[in-house]
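# Examining the three-dimensional arrangement
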Amino acid sequence: MHGAGCCPCREPPDRDNGASVPEPRCPFAGVVHVLDQDLISGFRAALAEAVATAFGEADLSALDIRLVETPNPEVGDLGFGCFPLAKLLRRSPKDIAAALAAAIELPAPFREARGVGPYLNLWLDRPAFLAALCRDVLDGERPYGTRPPGELGRIVLEFSSPNTNKPQHLGHIRNNVLGMALARLLEAAGHEVVKVTLVNDRGVHICKSMLAYQRWGDGATPESTGTKGDHFVGDYYVKFCQEAAADESLEEQAKEMLRRWEQGDEEVMALWRTMNGWVERGFDETYRRLGVAFDRVYHESETYRFGRDIALAALGQGHCQRLPDGAVEIDLTADGLDKKILLRRDGTSVYMTQDLGTAVRRFEEWQPEAMFYVVGSEQIYHFKVLFLVLQRFGYAWAEQCRHISYGMVHLPEGKMKSREGKVVDADDLMTEVEAISGQAIREKHPDISADELAARQHEIALGAIKFFLLNVNLEKDITFDPAASVSFEGDTGPYIQYAHTRICGILRKAGPAAGTIASQTRRQPLSPLPRCNANPPHAVPVADFAQLGSDDEVALGRLLMEFPKVVAEAARTRNPARIAGHVLDVARSFTTFYHGHPVIQAASPGLGAARLALCRATAAVLKQGLALLGIEAPEQM
RNA sequence: GCGCCCGUAGCUCAGCAGGAUAGAGCGGCGGUUUCCUAAACCGCAGGUCAGGGGUUCGAAUCCUCUCGGGCGUACCA
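Small disclaimer: the values here were computed from a predicted structure and weren't measured.

Take the overall build of chain A next. Looking only at helices and strands, chain A has 20 helices and 14 strands in total. Its C-alpha atoms put chain A at 85 × 65 × 40 Å along the principal axes. Chain A carries 69 positive and 84 negative side-chain charges, and their two centres are separated by 3 Å.

Another point: the domain arrangement of chain A. Frequently, the measure chosen for interface size is the accessible area removed from exposure when the parts meet. Partitioning chain A into domains gives domain 1 (35–124), domain 2 (154–301 + 351–420) and domain 3 (426–628). Taken over C-alpha atoms, the centre of domain 1 sits 33 Å from the centre of domain 3. Across the contact, ten residues belong to domain 1 and eight residues belong to domain 3. For the pairing of domain 1 and domain 3, the buried interface totals around 910 Å² over both sides, and the portion due to carbon and sulfur atoms is 60%. Linking domain 1 with domain 3 are one salt bridge, by the criterion used here. The partner of Asp36 in a salt bridge is Lys565, and the shortest N-O contact between them spans 3.7 Å. Viewed at the interface, domain 3 and domain 1 are joined by one residue pair in polar contact (both at pLDDT 80 or more). In terms of residues, the side of domain 1 that touches domain 3 owes the most to one element, helix α1 (residues 35–55), which gives four residues. For the side of domain 1 that touches domain 3, the class distribution of residues is six nonpolar, no polar and four charged.

Moving on, we come to empty space enclosed by the protein. It is the rolling of a water-molecule-sized probe over the atoms that shows where space remains empty. Approximately 40 Å³ is the volume found for the largest cavity. Asn176, Val177, Met180, Leu290, Gly291, Val292, Lys466, Leu629 and Gly630 together form the lining of the largest cavity. Considering every element that reaches the lining of the largest cavity, the biggest residue donor is helix α5 (residues 170–188), with three residues. Grouping the amino acids of the lining of the largest cavity by side-chain chemistry returns five nonpolar, three polar and one charged.

Looking now at α1. Compared with the 30 Å implied by 1.5 Å per residue over 21 residues, the 29 Å span of α1 between its first and last C-alpha is a close match. The complete set of buried residues in α1 reads Leu35, Asp36, Asp38, Leu39, Ile40, Gly42, Phe43, Ala46, Leu47, Ala50 and Val51. Immediately beyond the C-terminal end of α1, within one or two residues, lies Gly56, with a positive phi of roughly 90°.

Below, the discussion takes up the packing of aromatic side chains. Enumeration according to the criterion identifies 22 aromatic pairs in this entry. Linked through ring pairs, Phe159, Phe283, Tyr287 and Phe294 together constitute an aromatic cluster. Here Arg296 stacks its cationic end above the ring of Tyr298, 4.1 Å away from the centre of that ring. For Arg361, the ring lying beneath its charged end belongs to Phe306, and the centroid distance is 5.0 Å.

Moving on to the sheet that holds strand β8 (residues 321–322). Taken in spatial order, the three strands line up as β8-β9-β10 in an open sheet, and their pairing is antiparallel. Only two strands of the sheet have a single partner each, and these edge strands are β8 and β10 (339–343). Note: strand β9 (residues 328–331) against β10, four bridges, orientation antiparallel. If you follow Glu329 over to β10, its bridge partner there is Ile341.

Here the focus is the sheet that holds strand β1 (residues 68–69). In space, the four strands of this open sheet follow the order β1-β2-β4-β3, with antiparallel pairing throughout. Sheet topology places β1 and β3 (110–116) at the edges, where each strand pairs with a single neighbour. The pairing of β3 with strand β4 (residues 119–124) spans six bridges and is classified as antiparallel. For Arg114, the partnering residue across the bridge sits in β4 and is Asn121. Across the sheet, helix α3 (residues 93–103) lies against β3 and β4, angled at about 150° from β3, the strand it touches most.

A few words now on the nonpolar core. Formed by 157 residues in total, the largest nonpolar core has its most connected members in Phe43, Leu47 and Leu120. Among residues more than four places away in sequence, those in contact with Leu47 are Leu60, Leu63, Ile65, Phe80, Leu85, Leu100, Ile104 and Leu120. Residues Val156, Ile310, Leu315 and Ala398 belong to the second largest nonpolar core, which totals 37 residues.

In this fold, Lys466 is placed in helix α15 (residues 450–470). Buried and unpaired, Lys466 has Glu632 as its nearest opposite-charge partner, separated by 6.8 Å. Aside from chain neighbours lying at most four places away, what touches Lys466 is Val177, Leu290, Leu629, Gly630 and Ile631.

About the cut-offs
Residues numbered from 1 in each chain as written. Chains lettered and ligands numbered in written order. Predicted model: local features only at pLDDT ≥ 70, side-chain atom pairs only at ≥ 80, totals over all residues. Heavy atoms only, no water. Helix = DSSP H or I, 4+ residues; strand = E, 2+ residues; numbered from the N terminus. Lys, Arg positive; Asp, Glu negative; His and termini not counted. Charge placed at Lys NZ, Arg CZ, Asp CG, Glu CD. Domains from an automatic or database assignment. Contact = heavy atoms within 4.5 Å. Buried area = accessible area lost by both parts, 1.4 Å probe. Salt bridge = Lys/Arg side-chain N within 4 Å of Asp/Glu carboxyl O. Polar contact = N/O pair within 3.5 Å; in protein donor to acceptor, adjacent residues only side chain to side chain. Nonpolar A, V, L, I, M, F, W, Y, C, P; charged D, E, K, R; others polar. 1 Å grid on protein atoms, 1.4 Å probe; cavity = no way out; pocket = protein on both sides within 12 Å on 5 of 7 lines; lining within 4 Å. Points joined across faces, edges and corners; volume = space filled by probe spheres on them. Expected span 1.5 Å × (residues − 1). Buried < 20%, exposed > 50% of the residue type's maximum accessible area, 1.4 Å probe, protein only. Phe/Tyr/Trp six-rings, centres within 6.5 Å; stacked < 30°, edge-to-face > 60°. Lys NZ or Arg CZ within 6 Å of the ring centre and 35° of its normal. Pairing = 2+ DSSP bridges. Axes fitted to C-alpha atoms, helices over the stretch in contact; angles between N-to-C directions. Core = buried A, V, L, I, M, F, W, Y, C linked by side-chain atoms within 4.5 Å.

Written out as structure tokens, the structure reads:
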């Protein structure tokens, strides 16, 4: 029951126990030139004419036109609810839908419109629709669903920000995985993203590991004990906490060591450098396995002094007050927050101080359009204060800062507690899930090479772990379910990967050129029927989209069509779960199609070739969607 | 006390800039393999969307109150 300060940092102490800022520029401000948009603009024009014909002139420019999925294919392929028109035209939506159905003249690839209750439902020329879709996905100028890089502003994205006194656990994995996914997502939306982290490498918690090592380490090293550096150091942290429960003087000794550290005591500094080196090398290994990388690594040991200077300068400018005991405080009560200490009475820095320094340095270094912090929801208040203090200090860019908060990960039996070793260790989890996937692979491929097995089991295991964490909305806490997190069935990463491998299997069998789209058909939006054919080289059947158009194929096509919109929306709301859900829908829709419709053995070569194009388009979306989540799409499982 | 978040099927979660009978997965029950990998597919059962008020033609979705749960409210991080 030693107070809360056992491990101070970006990651909150191991205890016992915003949003109105202006958005950065809209990630999809420009026209997304894909089928989805073509359909809407085509429909909008036709709608305007039909309204004029049936009801006289009306201004529809403010109307947000959305074409929605119908409850079932019998009532149409897409639906338009006439509710917003009802107000404008002062008629019932039902009457409007009926009148418009009679008056509207739709462009390709629409085929027909009918009033179904308050909805104006649309039937597609399915072959034309699917052909145009495949062309968009397979023959676009850039990866489907992404915007040109650098089209939008630069964003500095902080995530991970570990303590160097212990190894990372499942909670850190959620942070790391979210950070990487957000980086990919923002990049896909056209931002330039600078991935940064802040290593919390100084403070009393670090000294605790050091003290324990000094007393009980006996000269051991990670090498001599064959222990990964971060685990090695973490063991001494746990040791300290155990011993401190019986010996109260240890806490005081840790504080004394911190004072010596701040004075630059050579012996302490040397030990600190050695032990931090061990930890960081251990982290590098974990990051490598997780697929995490940074463009710039900040260390708190470098930035905390800078924060102190900023606080003192602000004091000089009257932004804060010096208390009688010498501490420096800022009063935020006028803005509905509390008072906040920025420098302790002994002049040392607190958590807030170093974050001020880090933020200012970071902004000067990158001149970004926005700075995002991926940090757990328990620090919402901290960031509220941080941003407000920056603003008070005159940094106008403070309003471009955003805390991307997310819920905690806890165990079925409660919170994870590093001090008590009650954690799901990151490295252990990866190893365990890899073993499980490896076993499944060996059953299917007894003769697989060791290298191939290692690569595949890793991709699948990480797919399972990452998807498990990303398929939940940010704000929700996650209860770690050991069985569900290592499961490869149902709504999981491997389920999606599997769908992808099935397509790869078909494409392998069909040959390299099968299902590709000839480039001469590029982008003549909705040109009448599919001159869009499979690539000519020898003997590859020409895709005959005219034979395509089952309910399953259209349902799949509609999901593929929505992908760019989903990417933009996910980036705008900074919500990787949106991508996860959609990719899952695509995978499910594909497997349904796949089971009901033979591709290679299709009724005719032309139909088979058209289905191959659809398969290829699906694979592209699955792979791209998974990539945004930081998940690999293996070709075989 | 005050602030923020969460409360949807037995379990884990989608859906929430209001709109067509509330969707998945797991678990349960019943089917599918001479056919492109069954890590799959199909079907059945299962919900007064925590509860009360309100706004609206229409509310799981917006407002308000209540009840549960979590987090925060340090000269810890």
